[in-house]
Amino acid sequence: GVSVLVPGYVVVSSIVTLLLFYALWHRLKSERRISKIEAYLILFPSLMAVISVLPLVSPLLGQMVSIVQDLLCVTAMFAYMKHTKSLLGGSKHLVADKSSCPFAVPPLCCFAKCKKPKMTRTLMKILFLPIQFIVVLNFVVLLVNCSLAYNGFPPPKESSDIPNIPSYMLIPFQISALYTYKVFMSYFEARLRGSFPRTRGRLILVTFILCKSTGGIFQVLESKEVLGYLDGLDCV
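Residues numbered from 1 in each chain as written. Predicted model: local features only at pLDDT ≥ 70, side-chain atom pairs only at ≥ 80, totals over all residues. Heavy atoms only, no water.

### Some points on the packing of helix H5 (residues 121–150) against helix H6 (residues 165–188)
Here is step 1: For the pair H5 and H6, the least separation of the axes is 9 Å and the interaxial angle reads 150 degrees. For the pair H5 and H6, the sense of crossing is left-handed.
Here is step 2: The residue makeup of the contact of H5 with H6, split by class, is 19 nonpolar, six polar and no charged. (Axes fitted to C-alpha atoms, helices over the stretch in contact; angles between N-to-C directions. Helix = DSSP H or I, 4+ residues; strand = E, 2+ residues; numbered from the N terminus. Left-handed = near helix turned anticlockwise from the far one by under 90°. Nonpolar A, V, L, I, M, F, W, Y, C, P; charged D, E, K, R; others polar.)

Okay, here's the thing in C-alpha cells:
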C-alpha cells in the first residue's frame, strides 16, 4: 500500500542520491588527474544503484534495466583489467616469469588437483577476449531490445517471450567472461600493491551478483502488489 510504497521510495532515493554525491566528491577531491577508466570505476556503484531502482518507478523497465546492468558490469570488469595492466606497467609486465595460470576457480574448482599451465602472453590475451566480446554482445542485445520495444513488442511476461531470447543466448558468453575475470583476479591480486585495487575487483563481481538479484526481488514485490507502476508510452 501507500504506507509502505512512499517511505520505501524516499529511503531508496535518499541512499542513491548519497552514493552519487559521494562518488562525485571522491572524484573531485583527487589531487592528481584521474583517468577516464578510474573515473568510471569510481562512479560505477552509483550508476548501478541509479539504474537498479528504475523498476520502482515502472516495473515495465525491468527487462531493459537488467540488460543495462549487464552492460555496465562487464564494462567495469574490462575497465578494471585495463587499469590493472596500467598499474603493472603495461603489457610487457603482465606475465611474470615462471608463473602458472590459476584456472581452478569457481565453477571449475574440480581442476584444483590438475597441473596448472604456464602463463604466457598468448594465454593472457585469451583471458581478455571473453570480456571484450561480452561487452560488444551486451551492447548489441541492448540495441535489439530497444528496437523490439520501438516496434511494439510488449515487455516479456513469460520466459518464452521473444524479448527474452537474446538474453538467453548471452548466458554461455556471460559464464565464460565471469570465469576468465575470476582467473584474472586470482593471478594478479598478489601482485597489486595495497588493498584498494584488489578490493575494487572483488566489489565489481559482488555488485554484478547483487544487481542481478534485484530483478527477482522486484518481481516478487510486483506479484504481491506492493509496487505500483507507471504505464509505458505507446509506440509511435
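Following the structure, the description resumes.
### Quick look at H6
Here is step 1: Between its first and last C-alpha, H6 extends 36 Å over 24 residues, near the 34 Å set by a 1.5 Å rise per residue.
Here is step 2: Along H6, the sharpest kink reaches roughly 35 degrees, centred on Ile171 and followed within four residues by the proline Pro172.
Here is step 3: The set of residues buried in H6 consists of Pro166, Leu170, Gln174, Ala177, Tyr179, Thr180, Tyr181, Val183, Phe184, Met185, Tyr187 and Phe188. (Expected span 1.5 Å × (residues − 1). Bend = angle between axes of the 7 residues up to and from the residue. Buried < 20%, exposed > 50% of the residue type's maximum accessible area, 1.4 Å probe, protein only.)

### Some remarks on the packing of aromatic side chains
Here is step 1: Taken as a whole, this structure holds six aromatic pairs when the rule is applied.
Here is step 2: Where Tyr187 meets Phe188, the ring centres are 4.8 Å apart and the plane angle is 90 degrees; that geometry is what we call edge-to-face. Across the pair, Phe188 and Tyr187 agree in class, each one buried.
Here is step 3: An aromatic cluster is present here, built from Phe128, Phe184, Tyr187 and Phe188 joined pairwise through their rings.
Here is step 4: The side chain of Lys85 reaches across the aromatic face of Phe128, ending 5.9 Å from its centre. (Phe/Tyr/Trp six-rings, centres within 6.5 Å; stacked < 30°, edge-to-face > 60°. Lys NZ or Arg CZ within 6 Å of the ring centre and 35° of its normal.)

### With respect to the side chain of His83
Here is step 1: Following the sequence through the fold, His83 ends up in helix H4 (residues 62–87).
Here is step 2: Given the relative accessible area of 9%, His83 is considered buried.
Here is step 3: Those residues in contact with His83 that sit more than four places away from it in its chain are Ile37, Glu38, Leu41 and Arg200. (Contact = heavy atoms within 4.5 Å.)

### A word on the nonpolar core
Here is step 1: Among the nonpolar cores identified, the biggest contains 46 residues, and Phe44, Met124, Tyr181 and Ile204 are the most heavily contacted of them.
Here is step 2: Contributing elements (two or more residues each) for this core: helix H2 (36–52), H4, H5, H6 and helix H7 (196–223).
Here is step 3: If one sorts the elements of this core by residue count, H4 sits on top with eleven residues.
Here is step 4: Ignoring any residue separated from it by four or fewer positions in sequence, one finds Tyr181 in contact with Met77, Tyr80, Met81, Ile131, Gly201, Ile204 and Leu205. (Core = buried A, V, L, I, M, F, W, Y, C linked by side-chain atoms within 4.5 Å.)

### Quick look at the packing of H4 against H6
Here is step 1: Where H4 contacts H6, the axes come no closer than 11 Å and their chain directions differ by 30 degrees. Relative to H6, the element H4 is oriented roughly parallel. Two packed elements cross with a definite hand, and for H4 against H6 that hand is left-handed. Contacts between H4 and H6 involve Gln63, Ile67, Asp70, Met77, Tyr80, Met81 and Thr84 from the first element and Ser167, Gln174, Leu178, Tyr181, Phe184, Met185 and Phe188 from the second.
Here is step 2: Of the residues belonging to the contact of H4 with H6, the class tally is nine nonpolar, four polar and one charged. (Parallel < 35°, antiparallel > 145°, perpendicular 65-115°, else oblique.)

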